[in-house]
Amino acid sequence: MKTLREYIKEADEKGIAIGHFNISNLEALHGIYNAAKKLNVPVIIGLSEGEEEFVGREEAVALVKALRARDNFPIFLNADHHYGFESVKAALDAGYDAAIIDAVKLPLEENIILTKKCVDYARELGKKENRDILIEAELGFIGTSSKILDAIPEGVSEATMTKPEDAKHFVEATGVDLLAPSVGNVHGMVKGGNPRLHPEVVKAIREATGIPLVLHGGSGSMNEDFVACIAEGIDIVHINTEIRVAYRDAVKKFLNENPNEVAPYKFLKSGVEAVEAVVEARLKLFNGIK
Ligand code: 13P
């Protein structure tokens, strides 16, 4: 099987993007995996520090590796938004394929030092264990929470979008594999509608850095904005809030309609199916499947 790096390169060449979806439980993993298998496209499973604490670090690795080995299918595991060296190291040591060091709240030069430390560690571990480990970093604030928001998070604006010259300096100084910029995207779904994305900023950052870019905060963005950003150099798109909402609503509806149902494998099935439907639609869009 190709490595994640090779799948990203392939997506880039084809002008499509790989879908990255977060999980908090086994049901979400099933829903995401069912959709990816049905469409036969690679997929990345992400766990933030909070999601990882709930699921279990080694448990997440065991689940994803088991599916990959059983079906020889390109499903990969990413340590999404890990905030310190120790948590990145722990995820990589446990067997994650990739990690995001999120030091966006630090001043640029401190973000560079921390990111470089993670990149160096990933290279050292990769060499020792013969694994191709990817490190991603963020530049430009896009908010923090995958939830329903009353308004655009404070500190996110067109003025705070990632500057191509900062991105170039950052990538050259850290040797990072993937970069998540701020291009109008926000984590979470804004009640009145999410802001528009800026494909022209994606293009400028891509030209300045030359490395694959990752679009975080995908939930709630418009289809045409995704397509335009993917055409300009986005190779991975992250979706979380949309599947959280779909899962919660489906299980709630099922239990409201079936108040005497106590078998989790019956009432949680509605959640699996709801996640699968959202992921299938997103994967079709990102992979250019009609
Ligand atoms: P959304 O919850 O806005 O889809 O963001 C997800 C994300 O970027 C996870 O890293």
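See the structure printed just above.
All values reported here derive from a predicted model rather than from experimental measurement.

Draft legend 1. Representation of the overall build of the chain. Scanning the chain from terminus to terminus reveals 12 helices and 10 strands. Rg of the C-alpha trace for the chain: 18 Å, near the compact-globule value of 19 Å for 290 residues, within the 12% margin. With respect to the principal axes defined by its C-alpha atoms, the chain has extents near 60 × 45 × 35 Å. Classification of the 290 residues of the chain by burial places 55% in the buried group. Across the chain, every contact between residues at least 6 apart in sequence was considered, and the portion connecting residues at least 24 apart equals 72%. Counting every atom, the chain has about 12,900 Å² of accessible surface; 54% of that belongs to carbon and sulfur. Here the chain holds 34 positive side-chain charges and 45 negative ones, and the gap between their average locations is 4 Å.

Draft legend 2. View of the site of the ligand. In the region of the ligand, 15 residues are neighbours, and D80, S146, G217, S219 and T241 sit closest. In the model, an oxygen atom of the ligand is placed 2.5 Å from a nitrogen or oxygen of the T241 side chain. Protein contacts shield 99% of the accessible area of the ligand, which totals 310 Å² for the unbound molecule. Of all elements in the fold, only β3 (75–82) and β10 (234–239) reach the threshold of two or more residues within the shell around the ligand. Here the residues of the shell around the ligand are counted per class, giving 2 nonpolar, 12 polar and 1 charged.

Draft legend 3. Molecular detail of helix α5 (residues 85–94). Residues F85, S87, V88, A91 and L92 constitute the buried set of α5. Buried residues along α5 sit against α3 (49–55), α4 (57–71), β3, β4 (98–101), α6 (108–129) and β5 (134–139). Residue G95 follows α5 closely and has a positive phi angle near 120 degrees.

Draft legend 4. Local environment of the pattern of salt bridges. Under the counting rule described, the total for this entry stands at 27 salt bridges. Here K9 ties to E13 by a salt bridge, and the two come within 3.0 Å at their closest N and O atoms. Taken together, the residues span about one helical turn, with K9 and E13 both in helix α1 (residues 4–14) at a distance of 4 residues. Residue K9 is classed as exposed on the basis of its relative accessible area of 53%. A relative accessible area of 57% places E13 in the exposed class. Two residues, D249 and R248, come together in a salt bridge whose shortest N-O distance is 2.8 Å. Looking at R248, the relative accessible area reads 45%, which means it is partly exposed. Salt bridges sharing common partners tie together R5, R123, D132 and D177.

Draft legend 5. Inspection of the packing of helix α2 (residues 26–39) against helix α12 (residues 269–286) at higher detail. In contact at an axis separation of 8 Å, α2 and α12 are set at 40 degrees when each is read in the N-to-C sense. On the basis of the axis angle, α2 is oblique to α12. Crossing hand, α2 versus α12: right-handed. The segment α2 lies against α12, with E27, A28, H30, G31, I32, N34, A35, A36, K38 and L39 engaging V272, V275, E276, V279, E280, L283 and K284. A class-by-class count of the residues in the contact of α2 with α12 yields 9 nonpolar, 3 polar and 5 charged.

Criteria and thresholds
Residues numbered from 1 in each chain as written. Predicted model: local features only at pLDDT ≥ 70, side-chain atom pairs only at ≥ 80, totals over all residues. Heavy atoms only, no water. Helix = DSSP H or I, 4+ residues; strand = E, 2+ residues; numbered from the N terminus. Rg over C-alpha atoms; globule rule 2.2 N^0.38 Å. Buried < 20%, exposed > 50% of the residue type's maximum accessible area, 1.4 Å probe, protein only. Contact = heavy atoms within 4.5 Å. Areas by Shrake-Rupley, 256 points an atom, 1.4 Å probe, with all protein chains shown as cover. Lys, Arg positive; Asp, Glu negative; His and termini not counted. Charge placed at Lys NZ, Arg CZ, Asp CG, Glu CD. Near = heavy atom within 4 Å. Polar contact = N/O pair within 3.5 Å; in protein donor to acceptor, adjacent residues only side chain to side chain. Nonpolar A, V, L, I, M, F, W, Y, C, P; charged D, E, K, R; others polar. Salt bridge = Lys/Arg side-chain N within 4 Å of Asp/Glu carboxyl O. Axes fitted to C-alpha atoms, helices over the stretch in contact; angles between N-to-C directions. Parallel < 35°, antiparallel > 145°, perpendicular 65-115°, else oblique. Left-handed = near helix turned anticlockwise from the far one by under 90°.

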